[in-house]
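# Geometric and topological summary
Chain residues, written in single-letter form:
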Amino acid sequence: MQHAILTINPGSTSTKVVLFQDGKPILSRDEQHPKMQLAAFADVWSQYAMRLDTVLKALAESAFGDLRLDAVVGRGGLLAPLPGGVYDINEQMIDDLRNQRYGEHPCNLGAPLALELASRFGGRALVVDPVVTDELSAEARPTGLPQVHRRSAFHALSQRGAAREAARRRGLKYEAGKFIVAHLGGGISIGAHLRGRVVEVTNALDGEGPMTPERTGALPVMEVLRLLENGDYDVPGLRRAVLRGGGILAHLGTNDFRVVESRIREGDRHAQDVFHAFAYNIARHATSLLPALITSTDPLPVDALVITGGLAKSTVLVAELAARLSPIMPIETILGMTEAHVMASSASDALQGTIQIQVYQG
Ligand SMILES: Nc1ncnc2c1ncn2[C@@H]1O[C@H](COP(=O)(O)OP(=O)(O)OP(=O)(O)O)[C@@H](O)[C@H]1O
Ligand SMILES: CCCC(=O)O
């Protein structure tokens, strides 16, 4: 059975809208939100009307016409930790997102936007593989401080979709393979996929992993404490810097990697140095996941390093990563709207009953 499915993906720098009919994208919009535009909002929840307007404009400019939808899928936000899968959007979910019970992020708007669009154009309102999908192994959770546990928050949709596509290209079954998957976007997460489960991941939101176009990534704790002690930052200011004012933005004043590339082409040495440090950071964190996939009882090598996300379009970055990592494992670059495809194909499977729609309990 074929379906009309609208997917809505509010990201940290963009809103992506893709409408699928009979499994094919018939409308695809990637609306970029400049830093200045987003800075005008007090918090993520107050961006709701602007993001809704973005989606409605995209639909109005298309040949959407009288098409009735079978499902509207929003990117799943910061919810209670849960296994991956397809979930109905329910009151508990909206309540947790509205109250930012598990944190603040633009993807928290995915579910309320999907619910609104479904009420206007029909269809079942769903989320698929929310960013809090948690399949970490027991050994990945503890830290050196017993009160501090690691949690899973990552680009679950994108990573899973890209890994499945990489497996297909290499003639493998995703559920039988070993992959390190680097989602390189406004945020970055790198996951170890062991036979279909993401048993380790650099958390994209808790200050782990490499620096990103606008996040600091992991920082030396003692140096951070010194900044607080010196009064260079207070806690809210430091949190903002870690999540929205770090990384390439802090070094070069832009979170747009295309601008970095053009500065490098113009001979800007500082941009070049930051670029090399950025690529090195990603490579270092990617290799740190090898022990999650290779053990004495399971010594088979990693099937591929999969690179995806907006930065996978940067040929210079991919070349730099390949120079460092291709001697260790094969590299697959997956471009395109894989998050939208995963949302639509999972929703379609759920509507057909081949996968079960789960109930969010909070
Ligand atoms: N063609 C391109 N070449 C180089 N860099 C690009 C290209 N297209 C996008 N980017 C960069 O990719 C980054 C944004 O990636 P992406 O669109 O995946 O982010 P997002 O969806 O807003 O956030 P996230 O991926 O964290 O959810 C930006 O730094 C952007 O400049
Ligand atoms: C948690 C994944 C989303 C992001 O990094 O922005």
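These remarks concern the structure in this document. (Residues numbered from 1 in each chain as written. Chains lettered and ligands numbered in written order. Predicted model: local features only at pLDDT ≥ 70, side-chain atom pairs only at ≥ 80, totals over all residues. Heavy atoms only, no water.)

Our next topic: the site of ligand 2. If you check the shell around ligand 2, you find R75, H105, V131, A153, F154, H155, G187, A204, L205 and R215 and nothing else. Between H105 and ligand 2, the recorded distance is 2.4 Å, taken from a side-chain N or O atom to an oxygen atom. Taking R215, its side chain carries an N or O atom lying 2.6 Å from an oxygen atom of ligand 2. In isolation ligand 2 exposes 230 Å². Once the protein is present, 99% of that is buried. Of the residues belonging to the shell around ligand 2, the class tally is 5 nonpolar, 3 polar and 2 charged. (Near = heavy atom within 4 Å. Polar contact = N/O pair within 3.5 Å; in protein donor to acceptor, adjacent residues only side chain to side chain. Areas by Shrake-Rupley, 256 points an atom, 1.4 Å probe, with all protein chains shown as cover. Nonpolar A, V, L, I, M, F, W, Y, C, P; charged D, E, K, R; others polar.)

Moving on: the environment of R269. With respect to the secondary-structure elements, R269 resides in helix α10 (residues 269-287). Remark: the alpha-carbon pair of R269 and T54, spanning 215 residues in sequence, is separated by 38 Å. (Helix = DSSP H or I, 4+ residues; strand = E, 2+ residues; numbered from the N terminus.)

Positive phi is not limited to glycine here, since D22 has a value of about 50°. Considering the arrangement of structural elements, one finds D22 in the loop between β2 (14-21) and β3 (24-32).

Let's shift gears to the environment of Q21. Its location among the elements puts Q21 in strand β2. Residues Q21 and L67, spaced 46 residues apart in sequence, show a C-alpha to C-alpha distance of 9.4 Å. Ignoring anything within four residues of it in the chain, the contact list for Q21 reads H3, A4, I26 and L67. (Contact = heavy atoms within 4.5 Å.)

A word on the packing of aromatic side chains. Counted under the stated rule, the structure contains 3 aromatic pairs. Note on Y174 and F179: the rings are 6.3 Å apart at their centroids and 25° apart in plane angle, and the pair reads as stacked. One exposure class covers both Y174 and F179, and it is buried. (Phe/Tyr/Trp six-rings, centres within 6.5 Å; stacked < 30°, edge-to-face > 60°. Buried < 20%, exposed > 50% of the residue type's maximum accessible area, 1.4 Å probe, protein only.)

On to the pattern of salt bridges. Inspection of every chain in the model, using the stated rule, returns 24 salt bridges. In this structure, D134 engages R141 in a salt bridge whose closest nitrogen and oxygen atoms are separated by 2.9 Å. By relative accessible area, which is 27% here, R141 ends up partly exposed. With a closest N to O distance of 3.0 Å, K178 and D298 form a salt bridge. On the criterion of sequence distance, the pair formed by K178 in strand β7 (residues 178-184) and D298 in the loop between α11 (290-293) and β10 (304-308) is long-range, its members being 120 residues apart. With respect to class, K178 is no different from D298; both count as buried. Several salt bridges share partner residues, and in doing so they unite E165, R168, R169, R170 and E332 into one network. (Salt bridge = Lys/Arg side-chain N within 4 Å of Asp/Glu carboxyl O.)

Membership of the largest hydrophobic core comes to 38 residues, with the highest contact counts inside it found for L6, L59, L69, V72, I89, M93 and L117. Among the secondary structure elements, those contributing two or more residues to this core are β1 (4-10), β2, α2 (48-60), α3 (91-98), α4 (110-121) and β6 (124-128). Counting residues per element, this core draws most heavily on α4, which supplies 6 residues. Those residues in contact with L69 that lie beyond four places of it in its chain are A4, L6, L19, F64, F121, G122 and G123. (Core = buried A, V, L, I, M, F, W, Y, C linked by side-chain atoms within 4.5 Å.)

If you check the shell around ligand 1, you find 20 residues, and the closest are T13, K16, H183, G187 and D256. The contact in question runs from an oxygen atom of ligand 1 to an N or O atom on the side chain of H183, over 2.7 Å. Relative to its unbound accessible area of 640 Å², ligand 1 is 91% covered by the protein chains. With 3 residues, the single largest contributor to the shell around ligand 1 is helix α9 (residues 257-265). Tallied by class, residues from the shell around ligand 1 come to 3 nonpolar, 11 polar and 6 charged. Built from parts of two domains, the shell around ligand 1 gets at least three residues from each of domain 1 (4-133 + 338-358) and domain 2 (138-333). (Domains from an automatic or database assignment.)

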